[in-house]
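# Fold and contact review
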Amino acid sequence: MFELEKLIRNNIKKLTPYSSARDEFSGEAKVFLDANENSLGSPLLKWYNRYPDPHQLAVKEKLAQVKGIGSQHIFLGNGSDECIDLLFRSFCEPGRDNVIICPPTYGMYEVSAHINDVELRKAPLLDDFQLDLVHLENLVDTHTKLIWLCSPNNPTGNSLNRTDIEMVLNNFKGIVVIDEAYINFARQKSFVQELTEYPNLVVMQTLSKAWGLAGLRLGMAFASASIIEVLNKVKPPYNINQATQELVLKALEEVGQVNDMIHLLVDMRQALTEVFLSMPTVEKVYPSDANFILVKIKDARKIYEFLLTKGIVLRDRSNVKLCEDCLRITVGTEKENTILVDAMQDWYAQ
Ligand SMILES: *Cc1c(COP(=O)(O)O)cnc(C)c1O
């Protein structure tokens, strides 16, 4: 049995959330004198003098269409990073509760755990970068509130086996967070459609990757209406700014354009994989379900530094456990990929 009430921190359960001016009156009116805004306007862009919609209703309705779920199942954060922090703050009692991550994985789960003084337990991925279910199960105790799964995983690029994820969802009494930041590049399908099946599921996605909107900062958490309610209670009232809400609303009309980019990036991922596989010191290019590849290569650190001198920046993961000698390479534009490959020829020629 999943009991959400038992997972929420007491202070959050008791919390009376901040009631903003736009909460207390949200209808149509002629004269708004309730929020101490500058009624005269703003420089450059006249209409940014007003506070944005704290509930982001328009964006959520549009997203509900795009994702095929009800808007009561959508939470919006200032990037996924805010969603991550809010999950800690809502469910994990500092100094008492713990969470589990499966490294090598996205670094923010660990940082956020430390910021919130929440114990972090690690069940490293197996050699094939899949979940170690036995280890995972052994780490769970009565104070384990969250299990963080990242699929497709960063920095390894692979999707986690669906049956393994289902095993965790079916057996863990806390909340399972699946970070699907790279889901649009994957062969696997999203868990968003499984929300009705699993009351303990939170799926995170973002507009920062496939949607190409990292600069706007919009992260999404999809979950049961009662989990979403908790997150809404804890979030800062105006966490999604007006410019982001307006631009995202427009961008969400362009599903076709985004799908074209995804196809192109996936094709270039394949091409880049083949080029790297043909290089003499490359030991492995791990199969990727994301918009990056993980390359195991002799002298990874030295190559990283060599490329820096040419103005090319990769992500050096060579000192990360299970990613020894690995570089993480984002799929760039055709031109950027060519610059990288040419520079690699220079590396071999020197
Ligand atoms: C890039 C990335 C994110 C995105 O975070 P935002 O704050 O939404 O930009 C989330 N999770 C993972 C695993 C990522 O790699």
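Rules of the game
- Residues numbered from 1 in each chain as written.
- Predicted model: local features only at pLDDT ≥ 70, side-chain atom pairs only at ≥ 80, totals over all residues.
- Heavy atoms only, no water.
- Helix = DSSP H or I, 4+ residues; strand = E, 2+ residues; numbered from the N terminus.
- Rg over C-alpha atoms; globule rule 2.2 N^0.38 Å.
- Buried < 20%, exposed > 50% of the residue type's maximum accessible area, 1.4 Å probe, protein only.
- Areas by Shrake-Rupley, 256 points an atom, 1.4 Å probe, with all protein chains shown as cover.
- Lys, Arg positive; Asp, Glu negative; His and termini not counted.
- Charge placed at Lys NZ, Arg CZ, Asp CG, Glu CD.
- Disulfide = S-S within 2.5 Å.
- Phe/Tyr/Trp six-rings, centres within 6.5 Å; stacked < 30°, edge-to-face > 60°.
- Lys NZ or Arg CZ within 6 Å of the ring centre and 35° of its normal.
- Near = heavy atom within 4 Å.
- Polar contact = N/O pair within 3.5 Å; in protein donor to acceptor, adjacent residues only side chain to side chain.
- Nonpolar A, V, L, I, M, F, W, Y, C, P; charged D, E, K, R; others polar.
- Contact = heavy atoms within 4.5 Å.
- Patch = residues over 30% accessible without salt bridge, like charges linked within 9 Å, V, L, I, M, F, W, Y side chains within 5 Å.
- Salt bridge = Lys/Arg side-chain N within 4 Å of Asp/Glu carboxyl O.
- Pairing = 2+ DSSP bridges.
- Axes fitted to C-alpha atoms, helices over the stretch in contact; angles between N-to-C directions.

For the chain, the count of helices and strands is 13 helices and 11 strands. Taken over the C-alpha trace, the chain has a radius of gyration of 22 Å; the compact-globule value for 350 residues is 20 Å, and the two agree within 12%. With respect to the three principal axes, the spread of C-alpha positions in the chain is 70 × 55 × 35 Å. The buried share of the chain, reckoned over its 350 residues, is 52%. For the chain, the exposed surface amounts to about 17300 Å²; the carbon and sulfur share of it is 53%. Between the centroid of the 37 positive side chains of the chain and the centroid of its 46 negative side chains there is a distance of 3 Å.

Evaluation of the coordinates by the stated rule reveals 0 disulfides. Take Cys92: it sits in no disulfide, and the sulfur closest to it among the cysteines is that of Cys83, at 15 Å. Take Cys92: its relative accessible area is 1%, and that puts it in the buried class.

The next thing to look at is the packing of aromatic side chains. Following the criterion strictly, the structure yields 9 aromatic pairs and no others. On the numbers, 6.0 Å between centres and 35 degrees between planes, the contact of Trp47 with Tyr48 is tilted. Ring geometry for Tyr106 and Tyr109: centres 5.6 Å apart, planes at 75 degrees, overall edge-to-face. For Tyr106, a relative accessible area of 25% translates into the label partly exposed. Each residue in the set Phe88, Tyr106, Tyr109 and Trp148 is aromatic and connected to the rest through ring pairs, giving one cluster. Above the face of the Phe292 ring, Arg328 is positioned so that its terminal group lies 5.6 Å from the ring centre.

Moving on to the site of the ligand. Around the ligand sit 13 residues in total, of which Asp179, Thr206, Ser208, Lys209 and Arg217 are the nearest. Asp179 has a polar side-chain atom sitting 2.7 Å from a nitrogen atom of the ligand. Here an oxygen atom of the ligand sits 2.7 Å away from a polar atom, N or O, in the side chain of Ser208. About the coverage of the ligand: the protein hides 93% of its 390 Å² of free accessible area. Of the residues belonging to the shell around the ligand, the class tally is 4 nonpolar, 5 polar and 4 charged.

The subject of this paragraph is the environment of Pro199. Along the chain, Pro199 turns up in the loop between β5 (175-179) and β6 (201-206). Judged by relative accessible area, which is 39%, Pro199 ranks as partly exposed. Residues Pro199 and Asp179 lie 20 residues apart in sequence; the distance between their C-alpha atoms is 16 Å. Among residues more than four places away in sequence, those in contact with Pro199 are Phe2, Ser224 and Ile227.

Right, let's get into a nonpolar patch on the surface. A contiguous nonpolar surface patch, about 400 Å² in accessible area, is contributed by Leu44, Leu45 and Trp47. Within the secondary structure, Leu44 sits in the loop between α3 (21-24) and α4 (57-67). Given a relative accessible area of 87%, Leu44 falls into the exposed group.

Strand order in the open sheet formed by 4 strands is β8-β9-β11-β10, and the pairing between neighbours is antiparallel. Each having just a single partner strand, β8 (282-285) and β10 (315-316) make up the two edges of the open sheet. Where strand β9 (residues 292-297) and strand β11 (residues 326-330) come together, 5 bridges link them in antiparallel fashion. Considered in β11, the bridge of Phe292 is made with Thr330.

So, on to the sheet that holds strand β4 (residues 144-150). Read across the open sheet, the 7 strands follow the order β1-β7-β6-β5-β4-β2-β3; overall the sheet is mixed. The open sheet has two free edges, formed respectively by β1 (74-77) and β3 (119-122), since each of these has just one partner strand. Between one strand and the next, the sheet's axes are offset by a mean angle of 25 degrees, whatever the strand orientation. Here β5 pairs with β6 via 4 bridges, running parallel. Residue Val177 lies in a different strand from β6, and its bridge partner there is Val202. Across the sheet, helix α9 (residues 225-234) lies against β1, β5, β6 and β7 (219-222), angled at about 30 degrees from β1, the strand it touches most.

On to the pattern of salt bridges. Oppositely charged side chains are able to pair whenever their charged atoms sit close together. Taken as a whole, this structure holds 19 salt bridges when the rule is applied. Of the charged contacts in the structure, one is a salt bridge between Asp97 and Lys145, with a shortest N-O distance of 2.9 Å. With a gap of 48 residues between them, Asp97 in the loop between α5 (80-91) and β2 (98-101) and Lys145 in strand β4 connect regions that are remote in the sequence. In this structure Lys145 comes out as buried when scored by relative accessible area, which is 5%. Shared partners join several salt bridges into a network, and the residues in it are Arg22, Asp34, Glu37 and Arg50.

Spatial relationships are all this shows, so hold off on functional conclusions.
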